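Notes for the structure review
In case you want the letters, here they are:
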Amino acid sequence: MTRLADGAIDDISLTLIILATAAVLAGIVFGVSTASRRLLGIRVGPVRALCAGLAGVATLAVLEQAMGDTQDGSALSTIQIPLALLAAMAVLVFVEVFLPYGSWSRPLQALRGMGDRMRRARRYSQVSRIFMRHGLSRMLRGRVAWERALRPGEFGEQSARSARLALEECGGALIKIGQLMSTRRDLLPPHFIDELSRLQSNVPPAPWPEVEAVLHKELGKPVADVFEWIEHKPLAAASIAQVHKARLLGGPTVVVKVQRPGIRETVERDLDIVMAISRSLESRTRSAQTLGLRELGDGFAASVREELDFCIEARNSTAVASASGGLEPDAPVRIPRVYYGHTSARVLVQEWLEGVTLDRAGPVADRAGLDREELARTAFTAVLHQILRVGVFHADPHPGNMLLLEDGRIGLLDFGSVGRTDPSIRLAIQELLVAVDRGDPAGLHDALLMLLGTRATTHEDLMPDTALLERELGRFMARHLGVGAQPDTEMFTALFRMLSRFGLAVPPEVAAVFRALATIEGTLTQLAPGFNLLDEARGFAVAMLMDRLTFGAAKGRPKPGRGEGEGGGGSGGFGVPDLSALAHGAAQEVLSVLPMLRRLPRRAERISASLEEGRLGVRVRVLADERERRFVSGLIHQMTVTLLAACTGLMGVVLVVFGTDRGPRLTGKLELFPLLGYHTLTVSAILMLRALYTAMRRPT
């Protein structure tokens, strides 16, 4: 029993000794790593701190072993700690320079993303095979073939047809890209526009059993328990969804929009490819950075993801209808009512509107005795109202999304693709149109820079030459925006080329406005070929600014037609205020600035007197921004550390070189002045290491 007790006590003692040793060693490691991090002025992770601490402890052990227990070694023991700290700091600097923070996680991220890369590669391969099968590989591989395809002729028409068929077969987000390009008349020739426009309706539908399964899952009950009948053949099939006509049980006739089965996975895979390409191009080419290609790709991806959620489309439709009166029985532009009880993320049930699409509405309007130009004005005024007043607008008003109803009104469908404008963008668009109406290049210049936002003015290398830009805008207005001018492909091409030449990029939300206007221009041209979209936009903007002076007094009054008042416009607009309302609004504006006007003469007198007497001074607050103060203080700190490192290094060299054999001896071989020089050189090395690290580290 005694032996067993002694053995247990020995084991406990050994365990305590090991724990105590480990605790002391851990304390030394922690102390060395903490001191080295503080001296460098950085924060590092636990792994790097542990490596630095172990390096410092190892340096202590090596120095202890090298110096031994001699008298000289004891005298040099005070330099061991600074050298250990120097070693720990050197490890931190080495690791930070050659293995920057976060680089260790890249292999793990690469392994995690291997599955996405494989799926992306398979999709790349699939798309490549489809394009090759349709004979597009030669057109995409060579510039000569691409330029030949853009020219009218048999080869160009065949290339455009092959591109449409290839995009249809690819499906997913690639069809959305094709639909987007079908609105860019400034970039593609007419034969490509005509072919890609067919992507808006000629997409093969999904089989009914698959559609029925989606309906059953989303409605939570069999289709027969919700609808009295539903047509199995869709009215239209698009890239993301298809539309069926149905009747609710005991209710009205409705339109049922069903998301295509499995489309979400396909679209996400295609969006991943689009975003990867846009980011890669922006990181490699300066022109892509100027155009904001990554932001455009991200904006396109966000827009397509919104289209995948029909609840968002339902809210968009209701918001626009409520703001513009589209649900009213006598509304000039009708927006279908949403049945939220049967609507989900993948199924949308809306009111049925009887009519024909605008691309086929011309002969119908002629038979009914309707004025085509008045119909076009009504449709265009509705879209302008959404852009300039509501702030949420239909971003894809192509002919398939606009109807001529049986009663002669306009119907607006499919709010899956919408744009949003904040008050600053709406005001900039108004001022731009007013500047065009006045023929004012300076006003157009200011409105254009306000519209494009900070991208045009933040970076110094993108700062446009104001005088040169105004002259270019003047020439542009004289050529394309004169009286009776009609927006066309040449105008859009000239505008975008001018913006690109001055390094001005269009933000995604502004690009959505241009896209909507370009799309509705093509739509209304099919209905009323002589309709002048530019004149109508000018009149609407001028009337809107006049209406703003009345503080909404005239809001809701129907605007006179073309023959009833100035400014153009049509039904559904806002009336030009009368003289009494305009005088009242002007008086309110004057009252708001009256206090400033009263103070203005006194301040002008003070400034002129000070200028005449030579006492005019300007008070400028230097380094008012916190970032500027932080930069200057960091620069001063780095210069101070560098100077201290140089001074201490020089002092150390002087003590070692010139202090030898000139001072008291601590031992037989070690003198005081060289020992102090070694310590000073160690301190200089620590300071120099901090200065080097501060200079080499990447800005955050």
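Higher on the page you've got the structure.
A brief look at the structure comes next. (Residues numbered from 1 in each chain as written. Predicted model: local features only at pLDDT ≥ 70, side-chain atom pairs only at ≥ 80, totals over all residues. Heavy atoms only, no water.)

Quick look at the overall build of the protein chain now. Scanning the protein chain from N- to C-terminus turns up 27 helices and 11 strands. Looking at the protein chain as a whole, 43% of its 700 residues qualify as buried. Taking as baseline every contact in the protein chain between residues at least 6 positions apart, the subset at least 24 positions apart corresponds to 66%. Entry remark: accessible area of the protein chain is about 38,000 Å², with carbon and sulfur atoms responsible for 60%. (Helix = DSSP H or I, 4+ residues; strand = E, 2+ residues; numbered from the N terminus. Buried < 20%, exposed > 50% of the residue type's maximum accessible area, 1.4 Å probe, protein only. Contact = heavy atoms within 4.5 Å. Areas by Shrake-Rupley, 256 points an atom, 1.4 Å probe, with all protein chains shown as cover.)

For the rest of this paragraph, the subject is the packing of helix H18 (residues 372-390) against helix H19 (residues 423-438). Helix packing geometry: the angle between the two helix axes and the distance between the axes. Running from N to C, H18 and H19 point in directions that differ by 125 degrees, and their axes come no closer than 8 Å. Here H18 is positioned oblique relative to H19, judged by the angle of their axes. Residue-level contacts link Ile387, Leu388, Arg389 and Val390 of H18 to Arg426, Ile429 and Gln430 of H19. Grouping the constituent residues of the contact of H18 with H19 by class yields 4 nonpolar, 1 polar and 2 charged. (Axes fitted to C-alpha atoms, helices over the stretch in contact; angles between N-to-C directions. Parallel < 35°, antiparallel > 145°, perpendicular 65-115°, else oblique. Nonpolar A, V, L, I, M, F, W, Y, C, P; charged D, E, K, R; others polar.)

This part covers the nonpolar core. Ranked by internal contacts, the top residues of the largest apolar core, which has 65 residues, are Leu358, Phe380, Ile410, Ile429, Leu432, Leu451 and Leu524. Among the elements that line this core, the one with the most residues is H18, at 9 residues. Not counting residues within four places of it along the chain, the set of residues in contact with Leu451 comprises Ile425, Ala428, Ile429, Leu432, Pro507, Val510 and Phe514. Within the second largest apolar cluster, 17 residues are counted, among which are Leu215, Leu219, Ile230 and Ala246. (Core = buried A, V, L, I, M, F, W, Y, C linked by side-chain atoms within 4.5 Å.)

Moving on: the sheet that holds strand S10 (residues 410-412). The sheet built from 4 strands is open, its strands ordered S5-S10-S9-S7 with mixed pairing. Of all the strands in the sheet, the pair left with one neighbour each is strand S5 (333-334) and strand S7 (355-357). Pairing of S5 with S10, which is carried by 2 bridges, proceeds in the parallel orientation. In the strand pairing of S10, Val333 is matched with Ile410. On top of the sheet, H18 reaches S5, strand S9 (402-405) and S10; it is set at about 35 degrees to S10, its chief contact. (Pairing = 2+ DSSP bridges.)

Our focus in this paragraph is the pattern of salt bridges. For the structure on display, the rule yields 12 salt bridges. Where Glu268 meets Arg305, a salt bridge forms, and the shortest distance between an N and an O atom there is 3.1 Å. Placement of Glu268 in helix H13 (residues 263-284) and of Arg305 in helix H15 (residues 293-307) is noted, with a sequence separation of 37 residues between them. Its relative accessible area of 29% is what places Glu268 among the partly exposed residues. A salt bridge links Glu306 to Arg420, with the shortest nitrogen-to-oxygen separation between them at 3.4 Å. With Glu306 in helix H15 and Arg420 in strand S11 (residues 418-420), this pair connects stretches of sequence that are 114 residues apart. According to the relative accessible area criterion, Arg420 is partly exposed, its value standing at 40%. Through salt bridges with shared partners, a single network forms among Glu373, Glu374, Arg377 and Glu536. (Salt bridge = Lys/Arg side-chain N within 4 Å of Asp/Glu carboxyl O.)

Judged by how many residues are buried, strand S4 (residues 253-259) sits mostly within the fold: 7 of 7 residues are covered. The alternating pattern of S4 places Thr253, Val255, Lys257 and Gln259 on one face and Val254, Val256 and Val258 on the opposite face, and all of these are buried. The pairing of strand S3 (residues 241-248) with S4 spans 7 bridges and is classified as antiparallel. Across the sheet, residue Gln242 finds its bridge partner in S4, namely Val258.

We now examine helix H12 (residues 208-219). Spanning 12 residues, H12 covers 16 Å between terminal C-alpha atoms, matching the ideal 16 Å at 1.5 Å per step. Along H12, the residues classified as buried are Trp208, Val211, Val214, Leu215 and Leu219. The arc that holds the buried residues of H12, viewed along the axis, is 120 degrees, so those residues lie on one side. Residues of H12 that are exposed and point more than 90 degrees away from the buried face comprise Pro209 and Lys217. Buried residues along H12 sit in contact with strand S1 (227-230), S3, S4 and strand S6 (347-351). Count one or two residues on from H12 and you reach Gly220, which has phi positive near 75 degrees. (Expected span 1.5 Å × (residues − 1). Arc of directions from axis to C-beta.)

As a further point, take the side chain of His191. Residue placement: His191 occurs in helix H11 (residues 190-197). Overall, His191 belongs to the buried group, its relative accessible area being 11%. In this structure, His191 is in contact with Ala149, Leu150, Arg151, Pro152, Gly156, Glu157 and Ala160, ignoring residues within four places of it in sequence.

Moving on to the environment of Ala365. Counting through the fold element by element, Ala365 comes out in helix H17 (residues 361-368). The sequence separation of Ala365 and Leu404 amounts to 39 residues, and the corresponding C-alpha distance is 8.1 Å. Residues in contact with Ala365, not counting those within four places in the same chain, are Leu370, Arg372, Leu375 and Leu404.

Once that is clear, we can look at the environment of Glu374. Mapped onto the secondary structure, Glu374 falls in helix H18. Put simply, Glu374 and Phe531 are 157 residues apart on the chain and 9.1 Å apart in space, counted from C-alpha to C-alpha. Of the polar contacts made by the side chain of Glu374, one reaches the side chain of Arg377; its length is 2.7 Å. (Polar contact = N/O pair within 3.5 Å; in protein donor to acceptor, adjacent residues only side chain to side chain.)

Remark: the centre distance and the inter-plane angle together describe each pair of aromatic rings, the angle taken between the planes. Applying the stated rule across the entire model yields 1 aromatic pair. Lying across the ring of Trp352, Lys245 places its NZ or CZ 4.3 Å from the centre. The side chain of Lys257 reaches across the aromatic face of Phe310, ending 5.1 Å from its centre. (Phe/Tyr/Trp six-rings, centres within 6.5 Å; stacked < 30°, edge-to-face > 60°. Lys NZ or Arg CZ within 6 Å of the ring centre and 35° of its normal.)

Here the focus is a nonpolar patch on the surface. Among the surface-exposed residues, Leu650, Val653, Val654, Val657, Phe658, Tyr678 and Leu681 lie close enough to one another that they form a single nonpolar patch of about 620 Å² accessible area. Where the nonpolar patch is concerned, the elements lending two or more residues are helix H26 (626-658) and helix H27 (672-696). The greatest single-element share of the nonpolar patch, amounting to 5 residues, is contributed by H26. Relative to the helices and strands, Leu650 is located in helix H26. Note on Leu650: relative accessible area 59%, which makes it exposed. (Patch = residues over 30% accessible without salt bridge, like charges linked within 9 Å, V, L, I, M, F, W, Y side chains within 5 Å.)

Another aspect to go through is unusual backbone geometry. Of note in this structure, Asp414 is not a glycine but carries a positive phi near 60 degrees. Position of Asp414 relative to the elements: it lies in the loop between S10 and S11.

As a further point, take the side chain of Arg409. In this fold, Arg409 is placed in the loop between S9 and S10. Engagement of the side chain of Arg409 in a polar contact is seen with the backbone oxygen of Ala331, the distance being 3.0 Å. Side-chain polar atoms of Arg409 contact the side chain of Asp407, separated by 2.9 Å. Once you skip the residues sitting within four places of it in the chain, Arg409 turns out to touch Glu328, Pro329, Asp330, Ala331, Pro332, Arg334, Leu403 and Leu404.

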